[in-house]
Amino acid sequence: MTQLLAGKVVFITGAARGQGRHHAVRVAREGANVIAVDVCAPVSADVGYAASTEADLEETARLVRAEGREIFTAVADVRDLEALRVAVAAGVEKFGRLDVVIANAGIATWGRFWEMPEEQWSTLVDINLNGVWRTMTAAVPAMIEAGNGGSIVIVSSAAGVAAAPGCAHYSAAKHGLVGLARTAATELGAYDIRVNSIHPGAVETEMGNDPNVGKILTEHPEYMSTYSWPLTSVRRTNVEDISNAVMYLATDLSRAVTGTKIVIDMGQTMA
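Read on for a plain summary of the structure.

Rules of the game
Counting starts from 1 at the beginning of each chain's written sequence and moves along it residue by residue. For this predicted model, a pLDDT threshold of at least 70 governs which residues receive local features, and a threshold of 80 or more governs which side-chain atom pairs are given and counted, while totals over whole chains, interfaces and linings are taken from all residues. To obtain the side-chain values, all non-hydrogen atoms of the structure were used and water was disregarded. The set of buried Ala, Val, Leu, Ile, Met, Phe, Trp, Tyr and Cys residues whose side-chain atoms join them within 4.5 Å is what this entry labels a nonpolar core. The buried label applies to any residue whose accessible area, calculated with a 1.4 Å probe on protein chains only, is under 20% of its type's maximum; exposed applies above 50%, and partly exposed to all values in between. Secondary structure elements follow DSSP: runs of H or I of four or more residues count as helices, runs of E of two or more count as strands, with numbering from the N terminus. Note on contacts: a residue pair is in contact if any heavy atoms of the two residues lie within 4.5 Å. In this analysis a 1.4 Å probe is tested at points of a 1 Å grid over the protein atoms alone, and where it fits but cannot get out there is a cavity; an open set with protein on both sides within 12 Å along at least five of seven lines is a pocket; lining residues have an atom within 4 Å of a point. Grid points are joined across faces, edges and corners, and a volume is the space filled by probe spheres set on the points. Each residue gets one label: Ala, Val, Leu, Ile, Met, Phe, Trp, Tyr, Cys and Pro are nonpolar, Asp, Glu, Lys and Arg are charged, and the others, such as Gly, are polar. Aromatic contacts are taken between Phe, Tyr and Trp rings whose centres are within 6.5 Å, Trp giving its six-membered ring; a plane angle under 30 degrees counts as stacked, one over 60 as edge-to-face, and the others as tilted. Here the term patch refers to residues with relative accessible area over 30% and no salt bridge, with like charges joined within 9 Å and nonpolar side chains (Val, Leu, Ile, Met, Phe, Trp, Tyr) within 5 Å. The Shrake-Rupley method, run with a 1.4 Å probe sphere, supplies the accessible areas, and residue values consider only the shown protein chains as cover. We define a salt bridge as a side-chain nitrogen of Lys or Arg found within 4 Å of a carboxyl oxygen belonging to Asp or Glu. For a helix, the expected span equals 1.5 Å multiplied by the residue count minus one. In the analysis that follows, any N or O atom pair within 3.5 Å is treated as a polar contact, provided that within protein one partner can donate a hydrogen and the other can accept it, and provided that, for residues neighboring in sequence, both atoms belong to side chains.

**Points about the nonpolar core**
Moving on, step 1. One finds Phe11, Leu98, Met136, Ile152, Ile154 and Val195 to be the most contacted residues of the largest nonpolar core, which totals 50 residues.
Moving on, step 2. In terms of residues, this core owes the most to one element, helix H4 (residues 118-146), which gives 10 residues.
Moving on, step 3. With near-sequence residues (within four places) excluded, isoleucine 154 lies in contact with Ala103, Val132, Met136, Leu177, Ala181, Val195, Asn196, Ser197 and Ile198.
Moving on, step 4. Formed by 31 residues, the second largest nonpolar core is a distinct cluster that contains Ala16, Val34, Ala36 and Val239.

Written out as structure tokens, the structure is:
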């Protein structure tokens, strides 16, 4: 069977677990080698779920190699542009090229916008929005130099196409990614590099099971209607659902698709 990413190299942020790990395994299964980074440490006291660890990133590496592909890993924070540049350079030196970027790293914290400390707002935006800009800034020169075109997949959120009461900073950052994706698609079109965003709803990951979600919805039950969905047979998407969209955008199956959004939210935002 022909592999959709045979001979390609994919750079993934937030790859230690959850969606990032699953994307890494899927692209490896389709023939790609992987450059994987993750912060592997807590980044904010406001995050309500456990942080990833270096052991998690090592497990991602083991799973990629079990698919018969190679991987370069680095502990790097998407708030550190130089660390990302170093990781990309080392990965490109190892594999000789860069074809696909999956900008996946992100956090979620909760609170009403006028009640949260400025640090809580700024930290999330710096990771979820500025971190994607840094990821792309670190990776795009290598893609252009390789001259093979390519694809950038930005992981936004259903909160990037609709309101998200209780996490305005998250929604603002994820909306910002749409503008970044569309503008980057225009600027990179001359190099045959496509840029698209995906917009998951609730996903079965550590972030998707954040206990702080239940707390704020209990305190403000009027927000519940925003987080409902008509597709009742699917109570929550899983990482496979999201990786399916990533694979479509990462491969030549979507060679004519750029500057667009793919929403994977069980119909939550269709109204």
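Picking up where we left off.
**Description of the environment of valine 75**
Moving on, step 1. Turning to its location among the elements, valine 75 is positioned in strand E3 (residues 71-75).
Moving on, step 2. Each C-alpha atom, one on valine 75 and one on alanine 16, is 9.5 Å from the other, the two residues being 59 residues apart in sequence.
Moving on, step 3. Those residues in contact with valine 75 that lie beyond four places of it in its chain are Asp38, Val39, Cys40, Glu54 and Leu57.

**Looking at the layout of surface pockets**
Moving on, step 1. A volume near 290 Å³ is recorded for the second largest pocket.
Moving on, step 2. As for the second largest pocket, its lining consists of 19 residues, and the residues nearest its centre are Gly149, Gly150, Asp192, Arg194 and Asp252.
Moving on, step 3. Going through the elements one at a time, strand E5 (150-155) and strand E6 (193-200) are the ones with two or more residues in the lining of the second largest pocket.
Moving on, step 4. Residue classes in the lining of the second largest pocket are distributed as six nonpolar, seven polar and six charged.

**Some words on the packing of aromatic side chains**
Moving on, step 1. Within the structure shown, the criterion is met by one aromatic pair.
Moving on, step 2. The interplanar angle of 80° and the centroid separation of 5.2 Å between the aromatic rings of phenylalanine 113 and tryptophan 114 together place this pair among those described as edge-to-face.
Moving on, step 3. Phenylalanine 113 gets classed as exposed once you look at its relative accessible area, which sits at 53%.

**Quick notes on a nonpolar patch on the surface**
Moving on, step 1. Nonpolar side chains collect at one region of the surface, where Leu4, Tyr248 and Leu253 lie side by side and expose about 280 Å² of accessible area between them.
Moving on, step 2. Structurally, leucine 253 is set in the loop between helix H7 (239-250) and strand E7 (261-264).

**Regarding H7**
Moving on, step 1. With 12 residues, H7 should cover 16 Å at 1.5 Å per step; its first-to-last C-alpha distance of 16 Å lies within 8% of that length.
Moving on, step 2. Every buried residue of H7 is accounted for by Val239, Ile242, Ser243, Ala245, Val246, Met247, Leu249 and Ala250.
Moving on, step 3. Its side-chain oxygen 3.0 Å from the backbone nitrogen of glutamate 240, asparagine 238 forms the N-cap of H7.

**Some thoughts on unusual backbone geometry**
Most peptide bonds adopt trans geometry, and most residues besides glycine take a negative phi value.
Moving on, step 1. If you check the backbone angles, aspartate 192 has positive phi at about 60° while not being a glycine.
Moving on, step 2. Within the secondary structure, aspartate 192 sits in the loop between helix H5 (168-188) and E6.
Moving on, step 3. Look at methionine 266: it is not a glycine, yet its phi comes out positive at around 60°.
Moving on, step 4. As for its placement among the helices and strands, methionine 266 is situated in the segment after E7.
Moving on, step 5. Judged by its relative accessible area of 8%, methionine 266 is buried.

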